[in-house]
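Chain residues, written in single-letter form:
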Amino acid sequence: MTLDLRKITAHIGARVLGVDPADDLSDDTVAELRAALGTHKALVLDAPDLDAAGQERFAARFGSLTAAHPTVPGGETPQVLDVDAAVSKANEWHSDVTFVVNPPAITTLRSITVPAYGGETLVASSAAAYRSLPEPLRRWADTLWAVHTNVYDYAEPRPRRTASEAAYREVFESTRYESSHPVVRVHPETGERGLFVGGFVRGIEGLSTTESRDVLRLLQAHVTRPEHVLRWSWQPGQLLVFDNRITQHYAIDNYDDQPRRLSRVTVGGDVPVSVSGQRSRALVGDSSHYSALPEEDVAA
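Treat the numbers as computed from the prediction; the structure is a model and nothing was measured.

Caption draft 1: Region of interest: the pattern of salt bridges. Under the defined criterion, the tally for this structure stands at 22 salt bridges. Note that D214 and R217 form a salt bridge whose closest N and O atoms lie 2.8 Å from each other. Of this pair, D214 and R217 both sit in helix 6 (residues 209-223), three residues apart, roughly one helical turn. Residue classification places D214 among the partly exposed residues on the basis of a relative accessible area of 43%. Several salt bridges converge on common partners, so that one network encompasses R34, E189, D243 and R245.

Written out as structure tokens, the structure is:
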């Protein structure tokens, strides 16, 4: 088949019509979806009959699944992470779980309960961000490395948290992880370069804290330019799939105290590679229980 794709923005996002993620999809359809994801970075599918088991089956067609999270327990199954506003609101720009040495390749989000207004998810193309950099800055960024950690999970920690947020944060940080990743990552399938930064970055290697913040602020401003961002307004029974290797995302906290609940299932990824061919390194923590290294990374 040929997918019925409806582009959403110039740089990121496409609707996929006529494909139900709950169905037993053919290998050809999965291959087309993978190719479409490489082109558009984020796909939206209608999935009115999809449940947790079906979300797992769909995600597993793209590779081995990770556990729900390195430190946070799973929900309905060990592979499903509840994204529940009653527990925590991750309203900061980030890519998923970049504090481990091989972050997820693909993230799937299924809408379960959505607010009457607000609660959109933003997804930004870090490939478009990289292309928008002035050439001198792009060349310099190609050489930089950054330390990502779950104990410094977002660039500007909140001064106040609710009791549920504080409890979640305690679990989130219960085991410390740190990894060194290239600031510019080469996508293993498309060869595109993208800015691999976001909220889990503690700092740029070789720079002071102040210098790191200034550089990260500059790079992040290119990631979050409105032209590079898909703003998705949820309806119940939808599936958002994005390439975690070359995007960042943000859950907007603009829905007051209404309930908002999604479920997340992620596909295991490879170890990032820099422009010069160097691979990321784990600095603190063993995340093998969360996501096994691909055979090629083990061999390396």
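Caption draft 2: Region of interest: unusual backbone geometry. Positive phi values are uncommon outside glycine, yet V97 reaches one of about 55°. One can find V97 in the loop between strand 4 (81-84) and strand 5 (106-113). In this structure V97 comes out as buried when scored by relative accessible area, which is 2%. Even without being a glycine, D256 presents a positive backbone phi close to 55°. For D256, the position within the fold is in the loop between strand 14 (247-251) and strand 15 (261-267).

Caption draft 3: Structural context of the pairing of strand 15. With six of its seven residues buried, strand 15 lies for the most part within the structure. Inspection of the sheet shows strand 5 paired to strand 15 by seven bridges, in the antiparallel sense. Each residue of the ladder has a partner; that of S111, found in strand 15, is L262.

Reading the values: the criteria
Residues numbered from 1 in each chain as written. Predicted model: local features only at pLDDT ≥ 70, side-chain atom pairs only at ≥ 80, totals over all residues. Heavy atoms only, no water. Salt bridge = Lys/Arg side-chain N within 4 Å of Asp/Glu carboxyl O. Helix = DSSP H or I, 4+ residues; strand = E, 2+ residues; numbered from the N terminus. Buried < 20%, exposed > 50% of the residue type's maximum accessible area, 1.4 Å probe, protein only. Pairing = 2+ DSSP bridges.

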